[in-house]
Each structure stands twice: as structure tokens, then as C-alpha cells.
Amino acid sequence: MSNPQPLKIFPQGEREIVFTRGFDAPRALVFDAMTKPHLVERWMGPRGWNLVKCEIDLRVGGKYRYVGKRPNGPEMGWGGVFREIAPPDRLVCTEVFDDPWYPGECVITTTFEEKDGITLMTAVTEYVTREARDAVMKSPMESGVKDSYERLDEVLAGAAQGA
Amino acid sequence: MDRVRRLDATFAALADPTRRAILARLALGEASVSELVRPFEMSQPAISKHLKVLEKAGLVSVGHDGQRRPRRIEAAPLEAANTWLEEYRRFWEEGFEKLDALLEDMKAARPTRTRAKRERRGR
């Protein structure tokens, strides 16, 4: 399977994180795969992960909600509201996590450009503040990593106190 | 060691309170094994065992200073543990790899115009 453009994630300006990724398929298919629940649940999340809830009300003002988990792992839920739906080239929605590690909800503007049957997706995630954006760039998302971070925090706190 | 296993080793080493205390002490400056034993109610072999785990995880190195073999804290694995962006990237990349496979299925299920044309020509 070809991977025309690998995933890139980078900060942009003060409050944004940009994702870009190519897909070897027409954008109408990519748009469907990202907005239809029976398709989203087939790919969302890393390997070994499953969406246990996938609800999408694809209309302006409609909500979506995902809950994912690993076998024996904790659940991670998130969702938001659609603001603009313009298939197959543009989708704008908000996003907020049940257990957020950054303040406020963010707004994701996803655009799909197609050239020679290849779709380039660009998703610009805009956070409410620079601090929120920077927190996402640095913070753990999965709780296993989060637990480890807490241990790391203890070590560093202990060092600071001269324990 | 690959990155994930290295992180596992780092976090496993950090999971023990004695080892965290040793690291906290070394964060203030290098120390010999006997200096490290003093504040703990533990035998030297027990402390040495913990030091071995920390050395294996790359969190502590052994210096050479004449007769002394001072232990030092190594910052790099702790920094690696902080490189969250890599985890974030992996979360999405693995999902997108599954999406690539799904798109192949979708393309096969819904013939494109070129493919339909090719099939017509073939007839």
C-alpha cells in the first residue's frame, strides 16, 4: 500500500497545531471514511485500540462523540459539534476531551485537496490560548504515559526539594 | 533498545520509591555508593541492586575519578520520556494506516470511472 505523503504534525503561529497526511484515494472517499460512523470505527485510534462508541450527527450544529479503549485499558472519550460541512473538501468541528489536559475546546478545520487520485488532508487545530496549544504539544494522551509522568513529576519534585 | 522499550525501562526504573529517592539525591550532584547508602535504611548490596536497575535504564552512569566510581544522573532518558509529541504522532499514524487499508477496500467496492471504462473496453 502506498503512502504518498507521511503524517506531519507541527505547530503553526501561536495557537495552532497542523496535521498533514496524504491518502491514496479520491477525497470523496476520504471524506466519507472520516464522517460516517461505520467507517470511522474501522480506523480511529492506534493499533490494539477500539472505538466502543462512535456517534456522528453530520449536520451543522450536530454532535459527534467517540469513546476508545485498549483491551483492559481505561476509556478515552471525546467529541464536539460540527460547524461547517462541505463535502468533499472542507469540514470544521470543535473538539473537547472528557478528561482534558488543556483548557477550552479547540476548533479543527480539515481540508481535502485531490490531485491525480491522491488526497492531501490538512487539519488545522486551533486552541484557545498559546498555553493550551503548548500543553498539547508536551502532554501525554494515554493514561499509561500519564501515570508514568506522575512518577516522573515525583522524581523531579523530590530533586527540587533536595530530598 | 527501541524507543518504546527504552521508555518502558525508564518508567519501570522510576516505579520504585527507593530508586526515585536515589535519583533525587543524584540530581543534586554525583555520589559514591557508600554516600548513597548512608541516608537509606538498607544494605549496600540492596542499594547496589537498585543502582544496577537505574544504570540499565540509562538513568545513572558510573564515573571514573581516581579510585572513586561516582554515580551520576543522566538527563537524556528523562528528556526522552518527555517527548510526548512522538506518542501523539504514533496515535494518529497508526490510525491513518488502518484508514489506508479501509480506503483500499472502499476503492475496490466502488469502481472508479477509469476502472469502469477499462472494464467496458475489455468487453
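About the cut-offs
Residues numbered from 1 in each chain as written. Chains lettered and ligands numbered in written order. Predicted model: local features only at pLDDT ≥ 70, side-chain atom pairs only at ≥ 80, totals over all residues. Helix = DSSP H or I, 4+ residues; strand = E, 2+ residues; numbered from the N terminus. Contact = placed C-beta atoms within 7 Å. Buried ≥ 20, exposed ≤ 12 C-beta atoms within 10 Å, placed from the backbone. Core = buried A, V, L, I, M, F, W, Y, C linked by C-beta atoms within 7 Å. Pairing = 2+ DSSP bridges. Axes fitted to C-alpha atoms, helices over the stretch in contact; angles between N-to-C directions.

Colleague: Is there a simple way to explain the overall build of chain A in this structure?
Modeller: Counting secondary structure elements, chain A contains four helices and eight strands. The order of α-helices and β-strands along chain A, N terminus first, is β-β-α-α-β-β-β-β-β-β-α-α. Within chain A, contacts between residues separated by at least 24 positions form 35% of all contacts whose residues are at least 6 apart in sequence.

Colleague: Looking at this structure, I do not really get the overall build of chain B. What am I missing?
Modeller: A count of helices and strands for chain B gives seven helices and two strands. Of all 123 residues assigned to chain B, the portion counted as buried reaches 21%. At a minimum sequence separation of 6, the contacts of chain B that also span at least 24 residues come to 54%.

Colleague: Got a minute to help me understand the environment of V128(A) in this structure?
Modeller: Residues and elements named next belong to chain A. Inspection of the secondary structure puts V128 in the loop between β8 (118–126) and α3 (130–138). Residues V128 and E14, 114 residues apart in the sequence, show an inter-C-alpha distance of 10.0 Å. Setting aside anything within four residues of it in sequence, one finds V128 in contact with P103 and G104.

Colleague: Got a minute to help me understand helix α2 (residues 17–26) of chain B in this structure?
Modeller: Three or four residues apart is the spacing at which side chains of an α-helix point the same way, because the helix has 3.6 residues per turn. Summarising burial for α2(B): seven of the ten residues are buried, a large majority. Every buried residue of α2(B) is accounted for by R19(B), R20(B), I22(B), L23(B), A24(B), R25(B) and L26(B).

Colleague: I would appreciate a short explanation of unusual backbone geometry in the present structure.
Modeller: Across residues other than glycine, the phi torsion is negative in most instances, and most of the peptide bonds are trans. All names here are of chain A. Going from P87 to P88, the amide bond is cis rather than trans, its omega being 0 degrees. Take P88: it is sitting in the loop between β5 (76–86) and β6 (90–97). Look at N72: it is not a glycine, yet its phi comes out positive at around 65 degrees. Tracing the backbone through its elements, the reader meets N72 in the loop between β4 (63–69) and β5.

Colleague: Just checking my understanding: could you explain the nonpolar core for this structure?
Modeller: Core analysis: the largest hydrophobic core is formed by 20 residues, its most contacted members being F23(A), V30(A), A33(A), L99(B) and L103(B). Those elements giving two or more residues to this core turn out to be α1 (27–35), α2 (37–40), β4 and β6 of chain A together with α6 (84–109) of chain B. Apart from residues lying up to four places away in sequence, L99(B) is in contact with F23(A), A33(A) and W43(A). Counting twelve residues, the second largest nonpolar core, distinct from the first, contains I22(B), L23(B), L54(B) and I73(B).

Colleague: Got a minute to help me understand the sheet that holds β8(A) in this structure?
Modeller: Strand pairing in a sheet relies on backbone hydrogen bonds. The paired strands run either parallel or antiparallel. Residues and elements named next belong to chain A. The eight strands are arranged β1-β2-β8-β7-β6-β5-β4-β3 in an open sheet whose pairing can be described as antiparallel. Of all the strands in the sheet, the pair left with one neighbour each is β1 (8–12) and β3 (50–56). For this sheet, the mean inter-axis angle between neighbouring strands, taken without regard to orientation, is 20 degrees. Both strand β7 (residues 106–115) and β8 contribute to a ladder of nine bridges, which runs antiparallel. Of the residues in β8, the one forming a bridge with K115 is I118. Along the sheet face, α1 touches β2 (16–23), β3, β6, β7 and β8 and points at about 155 degrees away from the line of β7.

Colleague: Help me understand the pairing of β5(A), please; the structure alone is not making it clear to me.
Modeller: Consecutive side chains along a regular strand alternate between the two faces of the sheet. Residues and elements named next belong to chain A. As defined by bridge partners, β4 adjoins β5 across six bridges and the pair is classed as antiparallel. Its bridge partner being in β5, V67 is matched across the sheet by G77. Counted along the chain from β4 to the antiparallel partner β5, the turn is six residues long, and its residue N72 has a positive phi close to 65 degrees. Between the antiparallel neighbours β5 and β6 lie three residues.

Colleague: Where do I start with the environment of A21(B) in this structure?
Modeller: Position of A21(B) among the secondary structure elements: in helix α2. For the pair formed by A21(B) and F40(B), sequence separation is 19 residues and the distance between their alpha carbons is 9.2 Å.

Colleague: Is there a simple way to explain the pairing of β6(A) in this structure?
Modeller: Residues and elements named next belong to chain A. As paired strands, β5 and β6 are joined by six bridges and run antiparallel to one another. Bridge assignment links E84 to a residue of β6, and that residue is V92. Note that β6 and β7 share six bridges and pair antiparallel. Residue pairing for β7: T94 is matched across the bridge by V107.

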